[in-house]
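Understanding the architecture of this molecule
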Amino acid sequence: MSDDKFVPPSASRRGFLGSAAALAAGAVLPFGAPAFAKAPLSKTQPAYFYRFMLGNAEVTVVSDGPLPLGDPGTSFLGVPKETVYGMLETNFLPKDNVVLEQNIPIVNFGDRLVMFDTGMGFSKAFGPTTGRLMKSLEEAGFKPADVDDIVCSHAHIDHIGGICTADGKALFPNARIHISQVDFDFWTDESKLGSPLKAFIEHARANLLPVRDRIVFFKDQQEFLPGVQALAAPGHTAGHHIFKVASNGKSFAFLGDLTHHAILLTENPRLEFAYDSDPKQAVQSRVRLLTMLTEEKMPVMSYHFAWPGFGNLVKAGDGFRYLPAPMQLVPV
Ligand SMILES: [Zn+2]
C-alpha cells in the first residue's frame, strides 16, 4: 500500500482525538509498534450444518458440499447465453462457473428423524467437493442409525447418491426410503444403461437396488409421514416431487429441484435446464408451484440455493425473487 493512498486514522478528527487520548493514557503509538497478532491463514471453515425450529420440530440443514456445474451457458437454456451471463453478472456472481449447494434438511419431529435427499455419495461426476454428507452429519451430532426416513425428491445422481456405499451397503441402517414409483422405475431401468443417461442410471441402481426392500412409494398429495406431504412437480424428472413439511402450525416447502438457482430459474422461471427430462413440463411445474407457494407465503427450503437455502419467495415481474432468511445462530 502506498503512503499517498493510505489515510491513517489519526488524520480524522475522531482518530486524532483517539490518538491524543491514547497518548495521555501512556499507550504505545499505533504505528511502528510490533504486531503481535501475526498468524498463518487458517483456511478452515466452521462445521457445515445450520439449525432452526419449525413449530415443535427442529430442522438441521447439513451439506453434501458444493456442486460446480461449470459454464452456465451449457446448462441453462432457452435464452441466448449472453442473457444468462448478464443475469449472473448483475448479481455479482461468477459467469464462468455456476456452483450449486446441496442443502439437506433433517427434520426432528420429536419421535422421528426425517432426512430430505442425500447428495452425490461416492460419485465424483461433479468433482471432489461433493460427498460430504457423512462428515456434516457427524459435525451436527447425528449418527446414520438415527435417521428413520429418507425422502427423495427424485432419483437424480445428486439426490439419491448418499444412500449406499460403492459396494452396496446401506449407509443408513434403520431408514426407510421414500420416493415416487415413476422415478424409481425410470432411473433403475437396466435397458437405459446403453443410453446417454448411463451415469445417472448406474448411480441410481447402485443406491436404490440394494435397499429395494426398504423403499416405500408415495403418491401425489399424500401425507405419507406425519407432517410430510408430497406434491407432484414433474418435468425435471417424470416423478419429481416437492414436499410440504409442517409442525404445529409452521411449515416450509422442500423444493428439491423445482428451481436450481435463486437467480437464473427463479427470476426467469421459464429458462430451461439441461438436466430436465422434459424442460417444457418443468417450466409449467415451476411456475405453477412457485406461484402457489408465493400466494400461500410459505417459506422454502431449497436444495441447491446458496447455503443454507432457507427463505421466502415473492412474485417479481414475470418471475420470482428469493429472499433468504437471516441466519440466526442464537435464537432471539
Ligand atoms: Zn439436483
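Residues numbered from 1 in each chain as written. Predicted model: local features only at pLDDT ≥ 70, side-chain atom pairs only at ≥ 80, totals over all residues.

Brief notes about the confidence of the model for the protein
Under the convention used in this document: Every residue is assigned a pLDDT by the predictor, reflecting its confidence on a scale from 0 to 100. Throughout, a pair of residues is in contact if the C-beta atoms placed from their backbones lie within 7 Å.
With 91% of its residues at a pLDDT of at least 70, the protein reaches an overall mean of 91. Under a pLDDT of 50 for its full length, residues 1-26 has, in the predicted model, seven contacts with residues more than four places off or in other chains.

Focus: the pairing of strand 2 (residues 57-63)
Which entries qualify depends on this criterion: The exposure scheme places C-beta atoms from the backbone and then counts, for each residue, the other C-beta atoms within 10 Å of its own, assigning buried at 20 or more, exposed at 12 or fewer, and partly exposed in between. Runs of E in the DSSP output that reach at least two residues are strands. Runs of H or I that reach at least four are helices, and both are numbered from the N terminus. Note: two strands are recorded as paired if DSSP finds a minimum of 2 bridges between them.
For strand 2, the tally of buried residues reaches five of seven residues, placing the bulk of the element in the interior. When strand 1 (residues 49-54) meets strand 2, the two strands line up antiparallel, connected through six bridges. In the strand pairing of strand 2, Phe49 is matched with Val62. Sheet topology places strand 2 next to strand 6 (residues 103-108); six bridges connect them, and they run antiparallel. The residue of strand 6 that forms the bridge with Val61 is Pro105.

What to know about helix 8 (residues 279-296)
Rules: Expected helix span is computed as 1.5 Å times (number of residues minus one). Taken from the helix axis, the directions to the C-beta atoms give the arc we talk about.
For helix 8, with 18 residues, the first-to-last C-alpha span of 25 Å sits near the 26 Å given by 1.5 Å per residue. Buried within helix 8 are the following residues: Ala282, Ser285, Arg286, Leu290 and Leu293. Along the long axis of helix 8, the arc covered by the buried residues comes to 115°, so they all point the same way. For helix 8, the exposed residues set more than 90 degrees away from the buried face come down to Lys280, Met292 and Glu295. At its buried positions, helix 8 is contacted by strand 14 (250-254), helix 7 (264-267), strand 15 (272-273), strand 16 (300-301), strand 17 (310-316) and strand 18 (319-324). Just past helix 8, the residue Lys297 takes up positive phi, approximately 55°.

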